[in-house]
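Single-letter residue listing:
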Amino acid sequence: MQIDLRSDTVTKPSNGMIEAMMTAKLGDDVYAEDPSVNALEARVATMFGKPKALFFPIFFAHLPLPSIIMAT
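Residues numbered from 1 in each chain as written. Predicted model: local features only at pLDDT ≥ 70, side-chain atom pairs only at ≥ 80, totals over all residues. Heavy atoms only, no water.

1. Remarks on the overall build of the chain
1) Next: When helices and strands are counted, the chain shows three helices and zero strands.
2) Next: Its helices and strands in sequence order give the chain the pattern α-α-α, from N to C terminus.
3) Next: Going through the 72 residues of the chain one by one, you find that 8% of them count as buried.
4) Next: Per element, the accessible surface of the chain, about 6,600 Å² overall, is 65% carbon and sulfur. (Helix = DSSP H or I, 4+ residues; strand = E, 2+ residues; numbered from the N terminus. Buried < 20%, exposed > 50% of the residue type's maximum accessible area, 1.4 Å probe, protein only. Areas by Shrake-Rupley, 256 points an atom, 1.4 Å probe, with all protein chains shown as cover.)

2. Examining the side chain of Asp 34
1) Next: Tracing the backbone through its elements, the reader meets Asp 34 in the loop between α1 (15-23) and α2 (35-47).
2) Next: Although Asp 34 is buried, it makes no salt bridge; Lys 25 carries the closest opposite charge, 11 Å away.
3) Next: One polar contact links the side chain of Asp 34 to the main-chain amide nitrogen of Ser 36, over a distance of 2.9 Å.
4) Next: Within the structure, Asp 34 has its side chain in polar contact with the backbone nitrogen of Val 37 (distance 3.2 Å).
5) Next: When residues no more than four places from it in sequence are discounted, the contact partners of Asp 34 are Lys 25, Gly 27, Asp 28 and Asp 29. (Lys, Arg positive; Asp, Glu negative; His and termini not counted. Salt bridge = Lys/Arg side-chain N within 4 Å of Asp/Glu carboxyl O. Polar contact = N/O pair within 3.5 Å; in protein donor to acceptor, adjacent residues only side chain to side chain. Contact = heavy atoms within 4.5 Å.)

Next up, the structure:
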């Protein structure tokens, strides 16, 4: 299998990848119901010695966050 990291649409998933996607536990990350996102946030918080971490799946989604935090 050749892995091409230019885009998520270039590399075709292997059978193992498809199986992992089909059996993954799902939930809404906005309501803290996605076990994978919850585990990732907990791992990153621990890694940086912080009580919490936030996952932003889209790069530009985080840009207004400092303004929101400073306004509250």
